[in-house]
Amino acid sequence: MSSIVTPEGYRLHCENGAKLLLPASNEAFLNPVQEFNRDLSVASIRVWSEQFNEIKEKRWDDKRKRKGQGATQQPEPKRKKGVIYYFQTSPHPLVHSLVNIAFENLGSGETISNGRGAPDEGDRDDTIESSYVPHKVVILEPLSATGLRSIRYAQEIPLVKYVIANDLSPSATEIMKRNVLFNELGPQDPPKATGPEEENTTSSTPTRIPKGPSLGKVRVNEGDACSLMYAHRAERQRVDVVDLDPYGTAAPFLDAAVQCVNDGGLLCVTCTDLSVLGNTNYPEKCFANYGGVPVKAEYCHEVALRLVLHAISTSAARYGRYIHPVLSLSIDFYVRVFVRVHAAPIEVKKAYSKTSVYYVCAGCQSFHAQPLGKIVEKTTESSSHVNLQYKTHAGPPVSQHCDECGGMFHVAGPMWSGSLHDKDFTGRLLRHIESEEAKYGTCSRMKGMITLADQELDTPFYFTPSRVAGFFHSTCPSLDQVASALLHNGFLVRTVIHDIFRCHVKDHPVKMENIKDGSPATALLSKTASFEANFKRHPDVSALSNVKLVRYQQNPTAHWGPGAKAQPGPGGGKKRKRDRGDE
């Protein structure tokens, strides 16, 4: 590091093995706080690429086995249009004459075949390699800014073929090009031809001529993010991973992103507009961006995740694709989701049954789900075949007032009501992080966040004992006591949490003179518990409480938080005005 000379007017920024030269002016956005986001993204894409290759290798192995089983069977092959067939086994001279005439009159696009249904050399596309060749993934980062994330992907993920780093700002792309070359990931000259010496012209060993110069492992592009992604939506042009990390909302880029990802590919999305997603100050803006309405509750950040997933799911469904979330996290001032995108019409039909509207009580934050649809299975008696029927759902599931506290209900959604995480993926990711601790600067926090995600129940929303105690105006039982009461009674969801607190209030009475008549607390305390809660420490609680998890990193800078938006360089802010003036 001491050998690096920083030019005048630049500052050096290092993160893991990546080194950046950044101008003193804020021409390209870089937030050092987002190191956790970048560490998490590197680890997630690496684990996904290994999973992706496992699936491809299994398909390759199945295909090889089928080819082996069918080697002894030679069914009548399909004959292709534009191919002239002849039979090598025929001794009749007329056949040879016909073949000669065919060669002389061979038209454009026609070939001569040996009559066994397969064209001659060079026309086979079903050759099975003797061993599986790992698939190298292509990553597209449409909003790259300084290029730090793309550089780290190219350096730290073994199965990366190349990374496309794009930005609309000319000054940002210049910074990217400089940093890509600085990290030796840019275009390379073609290697020298290998083979016999030039003077050895009689050798039968062919000289291998290189195809051309390498474009580099990080390929910088200057242009509009959506235009670039739309240019990659053709099946042969698609990429394996798209990483959207904009300044603000990712909503304008979702339509293009879901189209340019390969089948089974990974879509990574960051949204930093929690002022819109995380409260009800701007419900109209949230609906415009994500097609749903947020809530004002302690689980508002989980609602933010589900609104983003809903927007991605509906965008993908328009093109016959569906999403499978593998990891969804609310982090500091933003949300980050990782979803696999697949193409399957039957799964697209199921998407609406994973979408719900929620009725949330303004008094005690109780919630009730109203799914938009349901799937009914019907089995045919004669063939035992199961048919799926898609029906609308009856509703609403609640009355006008909350049964627990008498409060009013507010409507939230529609939003994603399916799983937020894939347990197999989070388990693999956690094992990878534990085995590669030295490679990630925020390893402790990564383990804490992924462990929590791995242990979450597959049900919407959550509660905290202190918040519920506030509704009752009572003392707060410890988390161990609440967890023990749930586990002793075999409950894993929130439906009985109010009864648990009513049992707690029996031993820790509330001063009723401090509670106003008609308040939510009065209604909550007026009811009796439907069962007797057991607060004795449950053995499973010990295993949970002994785990020390880090969820928040230490503030790395004096003025910690979202950084200021990048300012365009010289002439950068006048580009669009100049284009409009030329028309």
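Read on for an overview of the structure. (Residues numbered from 1 in each chain as written. Predicted model: local features only at pLDDT ≥ 70, side-chain atom pairs only at ≥ 80, totals over all residues. Heavy atoms only, no water.)

1. A few points about unusual backbone geometry
With an omega of 0°, the peptide bond running from Gly395 to Pro396 counts as cis. Counting through the fold element by element, Pro396 comes out in the loop between strand E15 (386-392) and strand E16 (409-416). Although it is not a glycine, Ser384 sits at a positive phi angle of roughly 60°. Position of Ser384 relative to the elements: it lies in the loop between strand E14 (373-379) and E15. Backbone geometry at His473 places phi at a positive 60°, although glycine is not the residue there. With respect to the element layout, His473 can be found in the loop between helix H13 (465-472) and helix H14 (479-488). (Helix = DSSP H or I, 4+ residues; strand = E, 2+ residues; numbered from the N terminus.)

2. Structural notes on the sheet that holds strand E10 (residues 321-331)
As summarised here, the arrangement of the seven strands in space is E7-E6-E5-E8-E9-E11-E10, forming an open sheet in which the pairing is mixed. Bordering the open sheet on either side are strand E7 (218-222) and E10, each of which pairs with just one other strand. Within the sheet, the average angular offset between the axes of one strand and its neighbour, ignoring direction, is 15°. In this structure, strand E5 (residues 137-141) lies alongside strand E8 (residues 239-244), joined through two bridges in parallel fashion. Residue Ile139 lies in a different strand from E8, and its bridge partner there is Val241. Together, E5, strand E6 (160-167), E7, E8 and strand E11 (334-343) form the strand contacts of helix H3 (residues 148-156), whose direction differs from that of E6 by roughly 175°. Here helix H9 (residues 300-317) sits on the sheet and contacts strand E9 (261-271), E10 and E11; the angle it forms with E10, its principal contact strand, is near 160°. (Pairing = 2+ DSSP bridges. Axes fitted to C-alpha atoms, helices over the stretch in contact; angles between N-to-C directions. Contact = heavy atoms within 4.5 Å.)

3. Here we look at a nonpolar patch on the surface
On the surface, Ile346, Ile375, Val386 and Leu388 cluster together into a nonpolar patch covering about 270 Å² of accessible area. Examined against the element boundaries, Ile346 turns out to sit in helix H10 (residues 345-350). Owing to a relative accessible area of 41%, Ile346 belongs among the partly exposed residues under this scheme. (Patch = residues over 30% accessible without salt bridge, like charges linked within 9 Å, V, L, I, M, F, W, Y side chains within 5 Å. Areas by Shrake-Rupley, 256 points an atom, 1.4 Å probe, with all protein chains shown as cover. Salt bridge = Lys/Arg side-chain N within 4 Å of Asp/Glu carboxyl O. Buried < 20%, exposed > 50% of the residue type's maximum accessible area, 1.4 Å probe, protein only.)

4. Describing the nonpolar core
Side chains of a nonpolar character, in soluble globular proteins, are inclined to be buried together. Judged by nonpolar contacts, the single largest core of 53 residues is most densely connected at Val242, Leu267, Val269, Leu277 and Ile312. Per element, the largest residue contribution to this core is ten residues, and it comes from H9. Listed in part, the 48 residues of the second largest apolar core include Trp48, Phe52, Leu266 and Ala453. (Core = buried A, V, L, I, M, F, W, Y, C linked by side-chain atoms within 4.5 Å.)

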